[in-house]
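Summary of the model geometry
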Amino acid sequence: MNGVAAFDFDGTLVKGDSLIPFLRRLCGPTALALAGARSWRELAQLRKGGDARDVAKAAFLARLLPGVDAARATALAEDYAGTLQARLRPDMAAKLRWHQGEGHRVVIVSASPALYLEPLGRRLGLDAVLATGLVVGDDGRFTGQLLGANCRGQEKARRLRLYLGDDPVTLWAYGDSAGDDEMLAMADHRVLTKARRR
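The structure displayed is predicted, hence computed values, not measured ones.

**Observations concerning helix α5 (residues 70–87)**
With 18 residues, α5 extends 25 Å from end C-alpha to end C-alpha; this agrees with the ideal 26 Å at 1.5 Å per step. Residues of α5 that are buried include every one of Ala70, Ala73, Leu76, Ala77, Tyr80, Ala81 and Leu84, and no others. Elements that come into contact with the buried residues of α5 comprise α1 (19–27), α7 (114–124), β3 (128–136) and β4 (142–147). Backbone nitrogen of Ala71 and a side-chain oxygen of the N-cap are separated by 3.3 Å at the start of α5; the cap is Asp69.

Below, the structure written as structure tokens:
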């Protein structure tokens, strides 16, 4: 039976958050702060968790990203992937390499943008990156909209099921938050990488 290892990213493969540091590089601290201020109603609901997190993220990006050049963002994302590679938690990087050594397929399943996780996946020799996409308009600039659903919770499980298909597999899943619950529930072997933050 084939083996697949699915890793959450923020808090699991790396400590802390990867999105805000990238957006600060891309848009600058002033634009980041203004988008946060204009999204205060949605951001105030973050403690509720669940769908409120998806709504807050979508609102924030809708105020920050419109008009940002996608080609420049892609070039910056390639460089940022190297920064993230250096930030990998040693224990989780060792787990990832163990799965690769065993011949398992290794995938990242994350709400963070595919924009920088895909180049990181190539650097790490991963089999797939299932992550949140960003819409690019005909003018080559971001519209501020997500491409499909934010990849957390049920969406993580849905994307992973599509990736796995109908072939029987032994699934390992690694996660650190409630947004990983549905993915962890699918796994034959589930690993919580740190204490839950509800």
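**Points about the pairing of strand β6 (residues 189–192)**
Where strand β5 (residues 169–175) meets β6, 4 bridges bridge the pair, whose relative direction is parallel. Each residue of the ladder has a partner; that of Gly175, found in β6, is Leu192. The parallel pair β5 and β6, bridged by helix α9 (residues 181–186), forms a crossover whose chirality is right-handed.

**Details of the side chain of Thr132**
Of note, Thr132 is situated in strand β3. A polar contact is formed between the side chain of Thr132 and the side chain of Asn150, at a distance of 3.1 Å. Within the structure, Thr132 has its side chain in polar contact with the backbone nitrogen of Cys151 (distance 3.0 Å). Once residues within four sequence positions are removed from consideration, Thr132 is found in contact with Lys57, Ser110, Ala111, Ser112, Pro113, Ala114, Leu146, Asn150, Cys151 and Arg159.

**Comments concerning the sheet that holds strand β1 (residues 2–7)**
Across a sheet, strands are paired by hydrogen bonds formed along the backbone, either parallel or antiparallel in direction. Within the open sheet, the 6 strands sit side by side as β4-β3-β2-β1-β5-β6. Their pairing is mixed. Looking at which strands have only one partner, the edges of the open sheet turn out to be β4 and β6. For this sheet the average axis-to-axis angle between neighbouring strands, irrespective of direction, equals 25 degrees. Where β3 lies against β4, 3 bridges are found, and the strand directions are antiparallel. The residue of β4 that forms the bridge with Val136 is Phe142. Sheet strands touched by helix α6 (residues 90–101): β1, β2 (105–113) and β5. Its angle to β1, the strand with the most contacts, is close to 160 degrees.

**Remarks on the pattern of salt bridges**
Scanning the model with the defined rule gives 7 salt bridges in all. A salt bridge links Arg25 to Asp79, with the shortest nitrogen-to-oxygen separation between them at 4.0 Å. With a gap of 54 residues between them, Arg25 in helix α1 and Asp79 in helix α5 connect regions that are remote in the sequence. Residue classification places Arg25 among the partly exposed residues on the basis of a relative accessible area of 41%. In this structure, the salt-bridge partner of Asp91 is Arg89, at a minimum N-O distance of 3.0 Å. Each member of the salt-bridge network shares a partner with another, and the members are Asp8, Lys156 and Asp180.

Parameters and conventions
- Residues numbered from 1 in each chain as written.
- Predicted model: local features only at pLDDT ≥ 70, side-chain atom pairs only at ≥ 80, totals over all residues.
- Heavy atoms only, no water.
- Helix = DSSP H or I, 4+ residues; strand = E, 2+ residues; numbered from the N terminus.
- Expected span 1.5 Å × (residues − 1).
- Buried < 20%, exposed > 50% of the residue type's maximum accessible area, 1.4 Å probe, protein only.
- Contact = heavy atoms within 4.5 Å.
- Polar contact = N/O pair within 3.5 Å; in protein donor to acceptor, adjacent residues only side chain to side chain.
- Pairing = 2+ DSSP bridges.
- Right-handed = clockwise from strand over helix to strand, strands pointing away.
- Axes fitted to C-alpha atoms, helices over the stretch in contact; angles between N-to-C directions.
- Salt bridge = Lys/Arg side-chain N within 4 Å of Asp/Glu carboxyl O.

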